[in-house]
Amino acid sequence: MESKSCNNFISYVGLEEHEMQPLGSSRRNSLTENNVKLLPGEIFITKAQSVLMFSPVSDLNQGTSGILSVTNFKLTFITTDDTNGDDVGHQQNHLYGYMDTCLTNIEDIYVTVGDKKRKLVPGNTVPSKVKGIFIICKNLRTWSFSFKFSPIGDGKNLLQALVHHAFPSRHHLLFAYDYQEAYYSSLDKAVRLFRDISDWHYELERTVHNEKFRKFWRLSTVNIDFKLCRSLSRYIIVPASITDNQLMDAAKRFQGNRPPIWSWSSARGAALVKMSELSPLVANRIQENIMFENVRKSHPQKMPPLVLELNKGISVNLIAVAFSKFASLCTPEHIRQFWLQDNNFYSLLENTKWLKYVSYCLQKAVEACEHLHLGLSVILQEGAGTDLCCLVSSLVQLLLDPYFRTINGFQSLFQKEWVAGGHPFCDRLGHIAKRNSEKSPLLLLYLDCVWQLSQQFPAEFEFTETYLTTLWDAAHVSIFDTFIFNCEKDRVAAATDPEKPLTLRSVWDWREQFNEQDILLFYNPLYNSREIDSMEKRIIKPMYNIPSVELWTQCYFRWIPTLEIRNGGQNHIELYARLLRNEVNQLKMSINGNCTSPTSKSNSYSVQMNIDSFYPFSNKKVGNTCQVSITFTWKRKELPTTRNEERKFVSFFFSSRIYIVNTNGFLCKLLLICSV
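An account of the accompanying structure is given in this report.

Calculation rules
Residues numbered from 1 in each chain as written. Predicted model: local features only at pLDDT ≥ 70, side-chain atom pairs only at ≥ 80, totals over all residues. Heavy atoms only, no water. Helix = DSSP H or I, 4+ residues; strand = E, 2+ residues; numbered from the N terminus. Buried < 20%, exposed > 50% of the residue type's maximum accessible area, 1.4 Å probe, protein only. Contact = heavy atoms within 4.5 Å. 1 Å grid on protein atoms, 1.4 Å probe; cavity = no way out; pocket = protein on both sides within 12 Å on 5 of 7 lines; lining within 4 Å. Points joined across faces, edges and corners; volume = space filled by probe spheres on them. Nonpolar A, V, L, I, M, F, W, Y, C, P; charged D, E, K, R; others polar. Salt bridge = Lys/Arg side-chain N within 4 Å of Asp/Glu carboxyl O. Axes fitted to C-alpha atoms, helices over the stretch in contact; angles between N-to-C directions. Parallel < 35°, antiparallel > 145°, perpendicular 65-115°, else oblique. Left-handed = near helix turned anticlockwise from the far one by under 90°. Pairing = 2+ DSSP bridges. Phe/Tyr/Trp six-rings, centres within 6.5 Å; stacked < 30°, edge-to-face > 60°. Lys NZ or Arg CZ within 6 Å of the ring centre and 35° of its normal. Core = buried A, V, L, I, M, F, W, Y, C linked by side-chain atoms within 4.5 Å. Arc of directions from axis to C-beta.

### Structural notes on the overall build of the chain
A tally of helices and strands in the chain yields 22 helices and 18 strands. Among the 676 residues that make up the chain, the fraction classed as buried is 58%. Taking all contacts inside the chain whose residues are at least 6 apart in sequence as the whole, residues at least 24 apart take part in 74%.

If you want it as structure tokens, here you go:
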């Protein structure tokens, strides 16, 4: 069998050639115009020749010459020595290359005219002479280009096209509506999208084990046609003591027509509930008290619920302001600005209040968990109930329910609380340009909180920080219905449009973007899957005070070369953990015998040892690297029959459930390996 090697420290199974056709190769190579690789439905708009691109945080004295082009999907830079990323050790995406950025990822564009720089917004007049542009992306990547040697007019034409297409004024101008690639979902069936009533039945039965407790809640179809609330899903779980007619009448008095909605229940019958606040036009709180009473009746011991008001001292706008200040620390334009910020970095960081809000969300989640663990129901309440309610309720369930710490569980949780819960992704991510911007990185704040949990409890989460960072990047790709709509009603309307129905593509179908070796980087080699079903034994309680909150360097600083640790960092710990797990697996197979049987199937893996701290996001050329070959064998009875089964086996292999008890010996061995 032919062995395939790659540039990641986890590679894919060496399958036969007819099995090894890269999923994205036909897409990116299906059409080429002006040397720009186009997706089906992607249209070339314009280009500028002889453009200089400067490295992030550089001294702007030397640049790389190339052609800068704009399509209806991306901004792309092509150099004369472009090798399509085949010799670099970073994450490969089927939809766009490393030297591309999706237009919906662009946050700000600054234009340089003479010695002055100003921000361009939609509707602004593009100057006739453009010296250069500086672009800040939503994922904090920066681009700096000079048109000093470009033909006259190239800079202006490109900038006009960029401003026009990067800030669409209507939802139907997003690339998802132009994308013409046929879609054959390979989404794992274990990921529940909560669009079918069966998913809600399953979740209610999974969490409420006691049938006596289950009778206190019921699954309602009152919103099947979105007549109750446009932002909620078609199916909702509500207190059994309230009828659909009463629910319809009560909802009118709450912001966004969102009455109390069930999210999760503990083994003792305590429920986690989300609801919006009363409408400002409602003078009395009678209806709110009636809703609280219905939640009380849904408790096995009829205990009154605890109400957590989430918008005290924090709001969507305050979070947006904090991140705007924080982003300026992560996107310096040149090396002088970087060092000026670095001299006072921690005081500047404190002034942004970003970590303060991370701490706040974790604190509210812990507070809710403590009451649920004691057997008290908790109601999370805020404004329209579509922002902090989604965030905190998701964190609560991560702390209490080990199932949601698996990859499939985490993705199901996201679908239940954020997608079905009606978080306005389109508005918060700024996919559509509006005068009164409602942008706010609630999603990033949540992912940061999850990252904090994964750092404090590294063996409790099946996914890695690379998975979380990749998810944040994917939120700015205008293809996945997960992030380009505000609610399920909008998704249904788009999918059933009689003139041009939209194909809904879930972001969780990771094969749409990545090959197997990149997907395997999502799996945590230290994950311990013991007792997944025993929720009470797996509760985690994080430290949430600000001194305990760390800075997520991979996500925020990966585009700043100055801060990258060459041949070091957390990635090396993961690498050696995977190697040690491989060693343990080899020993187990030797003990079990028959490893060298002629009927066995052997597969080789290539492990790249020479990696940096921001791998797989750094733009490092592979060059001379140390390669270690890993080989393992399947017995005849263990042979997977499909590529999907083989992928799952490999995922299991690299994130083996074997737990290394001797931590001191483990760390000593790591140090010995590192010192070789």
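Anyway, onward from the coordinates.
### Observations regarding empty space enclosed by the protein
A complete count under the given rule lists six cavities of 30 Å³ or more for this structure. When its volume is computed, the largest cavity comes out at roughly 120 Å³. Along the walls of the largest cavity sit 19 residues, with Trp-200, Leu-232, Ile-261, Lys-274 and Gly-421 positioned nearest its centre. Listing elements by their share of the lining of the largest cavity, those giving two or more residues are strand 12 (236-239), strand 13 (261-265), strand 14 (271-275) and helix 12 (407-419). Of all the elements, strand 13 adds the most residues to the lining of the largest cavity, at three residues. Of the residues belonging to the lining of the largest cavity, the class tally is 10 nonpolar, five polar and four charged.

### Considerations on the pattern of salt bridges
Evaluation of the coordinates by the stated rule reveals 31 salt bridges. Note that Asp-387 is salt-bridged to Arg-428, the shortest N-O span being 2.9 Å. Note that Asp-387 is positioned in the loop between strand 16 (378-381) and helix 11 (388-400) and Arg-428 in helix 13 (residues 425-428), a separation of 41 residues in sequence. According to the relative accessible area criterion, Asp-387 is buried, its value standing at 5%. Under the relative-accessibility criterion, Arg-428 is labelled buried at 14%. Taking the shortest distance from any N to any O, the salt bridge between Arg-405 and Glu-460 comes out at 3.2 Å. Here Arg-405, found in the loop between helix 11 and helix 12, pairs with Glu-460, found in the loop between helix 14 (442-456) and helix 15 (465-474); they are 55 residues apart in sequence, far enough to count as distant.

### Examining the packing of helix 10 (residues 354-373) against helix 11
For the pair helix 10 and helix 11, interaxial distance at closest approach is 9 Å and the crossing angle is 55°. By the angle between their axes, helix 10 is oblique relative to helix 11. The element helix 10 and its partner helix 11 pack so that their crossing is right-handed. Across the interface between the two elements, Cys-361, Leu-362, Lys-364, Ala-365, Val-366, Ala-368, Cys-369 and Leu-372 of helix 10 pack against Leu-388, Leu-391, Val-392, Leu-395, Val-396, Leu-399 and Leu-400 of helix 11.

### Focus: the sheet that holds strand 16
Taking strand neighbours across the sheet as the criterion, the four strands line up as 13-14-16-15 in an open arrangement whose pairing is mixed. One side of each edge strand has no neighbouring strand; the edge strands of this open sheet are strand 13 and strand 15 (306-309). Across the sheet, the mean angle from the axis of one strand to that of its neighbour is 25°, orientation sign disregarded. Examined bridge by bridge, strand 14 and strand 16 share four bridges and lie parallel to one another. Pairing of Met-275 across the sheet is with Gln-381, part of strand 16. On the sheet, helix 6 (residues 286-297) packs against strand 14, strand 15 and strand 16 and is oriented at approximately 145° with respect to strand 16.

### Notes on the packing of aromatic side chains
Given two aromatic rings, one states the distance between the centres and the angle between the planes to describe the pair. Summed over all chains, the structure comprises 35 aromatic pairs. Seen in terms of ring centroids, Phe-410 and Phe-463 are 4.7 Å apart; in terms of plane orientation they differ by 50°. Their pairing is tilted. Taken together, the positions of Phe-410 in helix 12 and Phe-463 in the loop between helix 14 and helix 15 put the pair 53 residues apart, joining distant regions of the chain. An identical accessibility class is assigned to Phe-410 and Phe-463; each is buried. Relative to Phe-483, the ring of Phe-414 has its centre 6.1 Å away and its plane inclined at 70°; by these criteria the two rings are edge-to-face. Linking Phe-414 in helix 12 with Phe-483 in helix 16 (residues 481-484), this pair joins segments that are 69 residues apart in sequence. Residue Phe-414 is classed as buried on the basis of its relative accessible area, which comes to 0%. Judged by relative accessible area, Phe-483 falls into the buried class, the value being 0%. Here the guanidinium or amino end of Arg-206 rests over the ring plane of Phe-404, the centre of that ring lying 4.9 Å away.

### Points about the side chain of Glu-203
Relative to the assigned elements, Glu-203 resides in helix 3 (residues 197-207). With residues near it in sequence (within four places) discarded, Glu-203 still touches Phe-194, Trp-262, Trp-264, Phe-404 and Lys-416.

### Describing the layout of surface pockets
What the second largest pocket holds in volume is close to 1000 Å³. Lining of the second largest pocket is provided by 44 residues; of these, Glu-107, Asp-108, Lys-119, Ser-437 and Lys-439 occupy positions nearest its centre. Those elements that provide at least two residues to the lining of the second largest pocket are strand 7 (106-113), strand 8 (116-120), strand 9 (132-137), helix 7 (316-330) and helix 13. Looking at the lining of the second largest pocket element by element, the count peaks at six residues for helix 7. Broken down by class, the residue content of the lining of the second largest pocket amounts to 21 nonpolar, 11 polar and 12 charged.

### Here we look at the nonpolar core
Ranked by internal contacts, the top residues of the largest apolar core, which has 102 residues, are Trp-354, Leu-395, Leu-398, Phe-410, Tyr-446, Trp-510 and Tyr-556. Sort the elements by how many residues they give to this core and helix 10 lands first, with 12 residues. Apart from the residues lying within four places of it in its own chain, the contact partners of Phe-410 are Leu-398, Tyr-403, Phe-404, Tyr-446, Leu-447, Val-450, Phe-463, Tyr-467, Leu-468 and Leu-471. Grouped together as the second largest cluster of nonpolar side chains are 32 residues, Phe-194, Tyr-235, Phe-254 and Met-291 included.

### Remarks on the pairing of strand 14
Looking along a regular strand, one sees side chains alternate from face to face of the sheet. The buried fraction of strand 14 is high, at five of five residues. Residues of strand 14 alternate between two faces, with Ala-271, Val-273 and Met-275 on one and Leu-272 and Lys-274 on the opposite face, all of them buried. For strand 13 and strand 14, the ladder comprises four bridges, and the chain directions are antiparallel. Bridging across to strand 14, Ile-261 finds its partner in Lys-274. Hairpin connection between strand 13 and strand 14: a loop of five residues separates the two successive antiparallel strands, and Gly-269 in this loop has a positive phi of roughly 95°.

### Considerations on helix 3
For the α-helix, the turn length of 3.6 residues means that residues three or four positions removed from each other point alike. Those residues of helix 3 lying buried are Asp-199, Trp-200, Glu-203, Leu-204, Arg-206 and Thr-207. Along the axis of helix 3, the buried positions cluster into a sector of 165°, meaning they face one direction only. Against the buried residues of helix 3 lie helix 4 (211-214), strand 11 (217-220), strand 12, strand 13 and helix 12.

### Observations concerning the sheet that holds strand 3 (residues 44-54)
Spatially, the eight strands line up as an open sheet ordered 6-5-4-3-10-9-7-8, and their pairing is antiparallel. A strand with exactly one partner marks an edge of an open sheet, and here the two such strands are strand 6 (100-102) and strand 8. For this sheet, the mean inter-axis angle between neighbouring strands, taken without regard to orientation, is 30°. Pairing analysis gives three bridges linking strand 5 (residues 74-79) to strand 6, with the strands arranged antiparallel. Looking at strand 6, one finds that Lys-74 is bridged to Cys-102.

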